[in-house]
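Structural characterization, general
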Protein chains: 4
Amino acid sequence: MPSLAELAGRLSEFAAARRWEPFHTPKNLAAALTVEAGELLEIFQWLTPEQAAAVMEDPDSAHRVRDEVADVLAYLVQFCTAVGVDPLTALDEKIDRNELRFPAAPAE
Amino acid sequence: MPSLAELAGRLSEFAAARRWEPFHTPKNLAAALTVEAGELLEIFQWLTPEQAAAVMEDPDSAHRVRDEVADVLAYLVQFCTAVGVDPLTALDEKIDRNELRFPAAPAE
Amino acid sequence: MPSLAELAGRLSEFAAARRWEPFHTPKNLAAALTVEAGELLEIFQWLTPEQAAAVMEDPDSAHRVRDEVADVLAYLVQFCTAVGVDPLTALDEKIDRNELRFPAAPAE
Amino acid sequence: MPSLAELAGRLSEFAAARRWEPFHTPKNLAAALTVEAGELLEIFQWLTPEQAAAVMEDPDSAHRVRDEVADVLAYLVQFCTAVGVDPLTALDEKIDRNELRFPAAPAE
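For the structure given in this document, a descriptive report is provided here.

1. Describing the relation of the copies chain A and chain C
With an axial shift of 0.0 Å and an RMSD of 0.0 Å, the rotation relating chain A to chain C amounts to 180°. The transformation relating the two chain copies, once decomposed into turn and shift, fits a two-fold axis. Residue Gly38 of chain A, judged by its C-alpha, is the member of chain A lying nearest the rotation axis, at 3.0 Å. Taken as a fraction of all interface residues of chain A, those also at the interface in chain C reach 100%, which identifies the copy contact as same-surface.

2. Notes on the interface of chain A and chain C
Facing 14 residues of chain A, the contacting portion of chain C comprises 14 residues. Together chain A and chain C conceal approximately 1300 Å² of surface at their shared face, both sides included; 65% is due to carbon and sulfur atoms. Area buried by chain A at its contact with chain C is led by Val35, Gln45 and Trp46 of chain A, which between them contribute 46% of it. Seen at the junction of chain A and chain C, the total is 0 residue pairs in polar contact (both at pLDDT 80 or more). It is helix H2 (residues 26–44) of chain A that provides the largest number of residues to the side of chain A that touches chain C, a total of 9 residues. Grouping the amino acids of the side of chain A that touches chain C by side-chain chemistry returns 8 nonpolar, 4 polar and 2 charged.

3. What to know about the relation of the copies chain A and chain B
Superposition record for chain A on chain B: RMSD 0.0 Å, screw rotation 180°, translation along axis 0.0 Å. Interface overlap between copies: 100% of the residues of chain A at the interface are likewise at the interface in chain B, consistent with a symmetric, same-surface contact.

So, how was this worked out
- Residues numbered from 1 in each chain as written.
- Chains lettered and ligands numbered in written order.
- Predicted model: local features only at pLDDT ≥ 70, side-chain atom pairs only at ≥ 80, totals over all residues.
- Heavy atoms only, no water.
- Least-squares fit on C-alpha atoms with pLDDT ≥ 70 in both.
- Contact = heavy atoms within 4.5 Å.
- Buried area = accessible area lost by both parts, 1.4 Å probe.
- Polar contact = N/O pair within 3.5 Å; in protein donor to acceptor, adjacent residues only side chain to side chain.
- Helix = DSSP H or I, 4+ residues; strand = E, 2+ residues; numbered from the N terminus.
- Nonpolar A, V, L, I, M, F, W, Y, C, P; charged D, E, K, R; others polar.

This is how it looks when you write it as structure tokens:
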């Protein structure tokens with residue numbers, strides 16, 4: 001399986017080969033990320049909790065979920081490339097901060 | 001630097017230790033992902049292209065960008081855990097499909 | 001032209017006649033509103049300012065804009081019906097608050 | 001109570017008096033609309049259906065809901081002003097189309 005850094009490289013080459021780089025500004029990529037997150041949410045918007053839990057059992061909806069996950073991750077990674085942020089480090093540091101901010105519940 | 005799989009494990013332990021798992025349904029996580037993507041977009045919504053390109057030069061806005069990137073990635077990873085999707089494989093396969101769908105521009 | 005209150009009534013009758021009311025919870029409608037706002041943004045996400053300013057000159061994109069505006073307004077109105085908020089009063093009061101919060105620029 | 005057209009006029013005067021018009025491009029307003037819709041959704045993202053149904057019983061969350069409804073409507077109206085679309089006509093025509101597209105359920 002590729003690493004996130006390898007996929008970031010593949011996405012950069014993909015955009016360069018199609019001359020899409022001028023469109024890949026931080027603002028445009030943040031907009032595209034939000035649009036794709038909305039498309040993922042759209043799959044679930046009218047589902048009951050039971051239907052939502054079963055969404056991967058139907059091959060068509062499972063494919064749609066994987067497709068939207070890929071789109072969200074692609075735009076997030078390309079945004080990070082555009083602004084020079086490492087997403088894994090950003091998340092690692094955020095979890096550190098959240099461990100201080102939200103103490104764990106005591107064992108019962 | 002941790003891998004995405006290691007961060008997914010950290011996030012699962014974090015949620016379990018706080019008994020947040022009942023809230024982490026696929027539908028709720030897709031909603032939270034969209035909300036956080038919107039918060040990332042909010043940083044850029046009124047900026048000119050020049051201002052957007054310089055957003056990481058200001059320490060406060062750079063921190064805010066990293067913080068929102070972390071939140072988006074955290075909810076995406078937790079969504080993937082909830083539905084049993086590997087995000088790296090999903091993106092790798094999507095790039096494969098896009099290479100067939102969008103031929104590269106010819107060299108000039 | 002119908003008033004917003006008349007359109008709210010039409011939307012309520014429309015949903016009742018199709019037995020869609022159980023789906024129209026505040027949470028689902030807020031999710032649908034966000035999804036549709038994303039679809040409106042999608043039209044503009046890769047456009048330059050010049051292209052965005054000309055979006056209504058093309059009949060197809062003009063129709064798409066009107067269609068997404070209608071969807072956003074429909075879900076906003078239905079959300080307001082579900083929670084018992086009058087959107088016109090809410091906006092009127094918000095402008096009052098903003099006039100105090102953001103003083104007007106002095107005349108030059 | 002003011003009409004939607006009167007509120008649109010108030011919003012135009014408000015933006016002009018603060019010289020905010022250069023920022024109010026269709027693309028920026030569509031982005032801001034999506035951001036605000038996300039903020040409305042944020043209120044509901046972790047709530048159970050029972051909690052969501054009771055959201056207006058708490059004065060603080062009721063105020064927050066009205067405030068976000070106002071923001072969504074404000075950006076939608078300003079977007080419509082920027083592109084020259086009448087939102088009430090757009091919705092009226094969309095309901096007409098939907099009545100043909102989704103036949104009503106037969107009476108039981």
